[in-house]
Amino acid sequence: MYVKLCGLRTPADVAAAVDAGADAVGFVLSASVRQVDPETARRLVREVPPHVLSIGVFSGVAAADVRRLAEESGVGAVQLHGDYPRAAFDEVAAAGVPLVRAVALTADTDVRVGAYGEQMLLLDSPRAGSGHRWDLAALDGARPDGRWLLAGGLGVDNVAEAVAQARPWGVDVSSGIEASRGIKDHGLMREFVAAARAA
């Protein structure tokens, strides 16, 4: 089970994520309570060992700015979150970094992994980062194949059940590992990774 811990903001967060066994860590580089500036992200990326993927998370940021911020921060991959067109993925891909396409599941969502040139697909709550669960029954008949991550309202108490129901390749969490909004709880980070892997 691939596990991404998102919204990290401090070196201690990164150390705790790595110690917990996370496969990927996310740094939010667009407007959010969890946002970090490119300079901070660059410092945090330096703390991430080679076997853990550092991902810059962007929402509502123009593709040209995404490319620039990704290069400034030195992240190992880029997550485009929301209604980005295929052209935006093509433009960011020119920077030479792997891409994650993060979307809410609707009747119109293309659930083919790689449909926009991305290496991973992330299916999230309609309100990303809110901690709100979404109806996983919507996956019936629309379950992706390959490298896709389930997100949205996951936490220590429900990740095993969600994995059993949705059968994702991986999971992503942000608010579900926080002591308060935007502040990570390192104990919950460890418990979440353990619970996801035990599912």
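These notes cover the structure that comes with them. (Residues numbered from 1 in each chain as written. Predicted model: local features only at pLDDT ≥ 70, side-chain atom pairs only at ≥ 80, totals over all residues. Heavy atoms only, no water.)

## Comments concerning the packing of helix H2 (residues 38-46) against helix H3 (residues 63-73)
Consideration 1: Taken N-terminus to C-terminus, the directions of H2 and H3 make an angle of 45°; their axes are 8 Å apart at the nearest point. Comparing their axes, H3 and H2 come out oblique. Packed against H2, whose contacting residues are Pro38, Ala41, Arg42 and Val45, the element H3 presents Leu69, Glu71, Glu72 and Ser73 at the interface.
Consideration 2: Each residue belonging to the contact of H2 with H3 can be placed in one class, and the counts come to four nonpolar, one polar and three charged. (Axes fitted to C-alpha atoms, helices over the stretch in contact; angles between N-to-C directions. Helix = DSSP H or I, 4+ residues; strand = E, 2+ residues; numbered from the N terminus. Parallel < 35°, antiparallel > 145°, perpendicular 65-115°, else oblique. Contact = heavy atoms within 4.5 Å. Nonpolar A, V, L, I, M, F, W, Y, C, P; charged D, E, K, R; others polar.)

## Some remarks on the environment of lysine 184
Consideration 1: Assignment of secondary structure puts lysine 184 in strand E10 (residues 183-184).
Consideration 2: With 147 residues separating them along the chain, lysine 184 and aspartate 37 place their C-alpha atoms 18 Å apart.
Consideration 3: If we skip the residues at most four places from it in the chain, lysine 184 touches Cys6, Gly7, Leu8, Asp13, Arg34, Ser174, Ile177, Glu178, Ala179 and Met189.
Consideration 4: Looking at lysine 184, its side chain comes within polar contact range of the main-chain oxygen of cysteine 6, at 3.1 Å.
Consideration 5: There is a polar contact of 3.4 Å between the side chain of lysine 184 and the backbone oxygen of glycine 7. (Polar contact = N/O pair within 3.5 Å; in protein donor to acceptor, adjacent residues only side chain to side chain.)

## Considerations on the sheet that holds strand E6 (residues 120-124)
Consideration 1: The parallel closed barrel is built from eight strands, whose spatial order is E1-E2-E3-E4-E5-E6-E7-E8. The mean angle between the axes of side-by-side strands here comes to 25°, regardless of whether they run parallel or antiparallel.
Consideration 2: Pairing of strand E3 (residues 53-58) with strand E4 (residues 77-81), which is carried by four bridges, proceeds in the parallel orientation. The residue of E4 that forms the bridge with valine 57 is glutamine 79. (Pairing = 2+ DSSP bridges.)

## Quick notes on the nonpolar core
Consideration 1: Grouped together as the largest cluster of nonpolar side chains are 54 residues, with contacts concentrated most on Leu5, Phe27, Phe58, Val78, Val171 and Phe192.
Consideration 2: The leading source of residues in this core is helix H6 (residues 186-198), at five residues.
Consideration 3: When sequence neighbours within four positions are dropped, the list of residues in contact with phenylalanine 192 reads Val3, Leu5, Leu154, Gly155, Val156, Val159, Val171, Val173 and Ile177.
Consideration 4: Counting 13 residues, the second largest nonpolar core, distinct from the first, contains Cys6, Ile55, Leu122 and Leu149. (Core = buried A, V, L, I, M, F, W, Y, C linked by side-chain atoms within 4.5 Å. Buried < 20%, exposed > 50% of the residue type's maximum accessible area, 1.4 Å probe, protein only.)

## Considering the environment of isoleucine 55
Consideration 1: Structurally, isoleucine 55 can be placed in strand E3.
Consideration 2: Spatially, the C-alpha atom of isoleucine 55 lies 20 Å from that of arginine 181, the residues being 126 residues apart in sequence.

## Describing the pairing of strand E1 (residues 2-6)
Consideration 1: Of all the five residues making up E1, five are buried; the element is thus mostly covered by neighbouring parts of the structure.
Consideration 2: Where burial is concerned, the two faces of E1 agree: the one with Tyr2, Lys4 and Cys6 and the one with Val3 and Leu5 are both buried.
Consideration 3: Summarising the sheet, E1 and strand E8 (residues 170-173) pair through four bridges and their orientation is parallel. The partner of leucine 5 across the bridge, within E8, is valine 173.
Consideration 4: Crossover handedness for the path E1 to helix H1 (residues 11-20) to strand E2 (residues 24-28): right-handed. (Right-handed = clockwise from strand over helix to strand, strands pointing away.)

## A short note on the packing of aromatic side chains
Consideration 1: Within the structure shown, the criterion is met by two aromatic pairs.
Consideration 2: Aromatic pair tyrosine 2 and tryptophan 169: ring centres 4.5 Å apart, planes at 20°, arrangement stacked. With a gap of 167 residues between them, tyrosine 2 in strand E1 and tryptophan 169 in the loop between helix H5 (159-166) and E8 connect regions that are remote in the sequence.
Consideration 3: Judged by relative accessible area, which is 28%, tryptophan 169 ranks as partly exposed.
Consideration 4: When the ring of phenylalanine 89 is compared with that of tyrosine 116, the centres are 5.4 Å apart and the planes differ by 75°; the resulting orientation is edge-to-face. Of this pair, phenylalanine 89 sits in helix H4 (residues 86-93) while tyrosine 116 sits in the loop between strand E5 (99-104) and E6, and the two are 27 residues apart along the sequence.
Consideration 5: Residue class for tyrosine 116 comes out partly exposed when judged on its relative accessible area of 25%. (Phe/Tyr/Trp six-rings, centres within 6.5 Å; stacked < 30°, edge-to-face > 60°.)

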